[in-house]
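Tertiary structure, described
Here's the letter readout for the chains.
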Amino acid sequence: MAKWLKYVISFASAFALMLIVRTLVVSTHSVNGNGLSPLFKNGDCLLINRCSYGMRIEGKGLLPYSRLMRQPVEKGDIVAFTIPENAPSGLMIARCTATPGDTILTQNGPLLVPGLVNCAKSDYYWLEAINPNNPADSRHLGFIPERNIIGRVVTVLYNRKNIRLQ
């Protein structure tokens, strides 16, 4: 085997491993705008754990949607999710304020009312943006299905506005 071929195989293997980890385990998301302030600022790069609620299997028509080693989303978790079909596309960040079985009263703003009749469907969550002026949350979109939840936000890696090139 040629010496250069070893380098090509090593590089291709590392690249494939990186793609697998980025697709299945962790990913990053940049915050654009101040819709998540004061918790996250414009320019923050967030680390998202894609396995926090189980490994997603999105069949794209070939297999049904499912999660391996499924864990429930907990109240207070800050999650990354995709917008349902009839809204603008993109990855959104919000806090889970109600889980399946909770009831939401939306007079003069949403209010969690535990112990009443269940309004939430199974596997649907009420996600609210940290900043109430952000339109990409359940106050505007309704309940978010579990299949749209990508994972839990772990930490802020860095803020690209604070990086100075020298």
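Residues numbered from 1 in each chain as written. Predicted model: local features only at pLDDT ≥ 70, side-chain atom pairs only at ≥ 80, totals over all residues. Heavy atoms only, no water.

1. Brief notes about the side chain of Asp44
Rule in force here: Comment: elements are numbered from the N terminus, with helices defined as DSSP H or I runs of at least four residues and strands as E runs of at least two. Think of it in three bands: with a 1.4 Å probe and only protein chains considered, a residue is buried below 20% of the maximum accessible area for its type, exposed above 50%, and partly exposed in between. His is not counted, nor are the chain ends; Lys and Arg add positive charge and Asp and Glu add negative charge. Here, a salt bridge means any side-chain nitrogen of Lys or Arg that lies within 4 Å of a carboxyl oxygen of Asp or Glu. Distance and chemistry together define a polar contact, namely a pair of N or O atoms within 3.5 Å, with one atom able to donate a hydrogen and the other to accept it when in protein, and with adjacent residues in sequence counting only for side-chain atoms on both sides. We call two residues contacting when some pair of their heavy atoms lies within 4.5 Å.
If you trace the backbone, Asp44 turns up in strand S2 (residues 44-49). Buried charge without a salt bridge: Asp44, with Lys41 as the nearest opposite-charge side chain at an N-O distance of 5.5 Å. Separated by 2.8 Å, the side chain of Asp44 and the backbone nitrogen of Lys41 make a polar contact. If we ignore the near neighbours within four places in the chain, the residues touching Asp44 are His29, Ser30, Val31, Val156, Tyr158 and Asn159.

2. Quick word on the pairing of strand S6 (residues 91-98)
Along any regular strand the residues' side chains alternate between the sheet's two faces. Worth spelling out the cut-off: Any two strands are treated as partners once DSSP identifies two or more bridges connecting them.
Note: strand S5 (residues 78-82) against S6, five bridges, orientation antiparallel. When the sheet's bridge partners are listed, Ile78 is paired in S6 with Arg95. Sheet topology note: the S6/strand S9 (residues 124-128) ladder contains three bridges and is antiparallel. Within S9, the position partnered with Arg95 by the bridge is Glu128.

3. Observations concerning the nonpolar core
Note the cut-off: Among buried residues, the Ala, Val, Leu, Ile, Met, Phe, Trp, Tyr and Cys ones that are joined through side-chain atoms within 4.5 Å form a nonpolar core.
Grouped together as the largest cluster of nonpolar side chains are 12 residues: Tyr53, Val73, Val79, Phe81, Ile83, Ala94, Cys96, Tyr125, Leu127, Ala136, Ile144 and Ile149. The set of elements that each furnish at least two residues to this core consists of S5, S6 and S9. In contact with Phe81, not counting residues within four places along its chain, are Gly90, Leu91, Met92, Ile93, Ala94, Leu127, Ala136, Ile144, Asn148, Ile149 and Ile150. Val31, Ala80, Ile150 and Val153 belong to the second-largest nonpolar core, a separate cluster that totals 10 residues.

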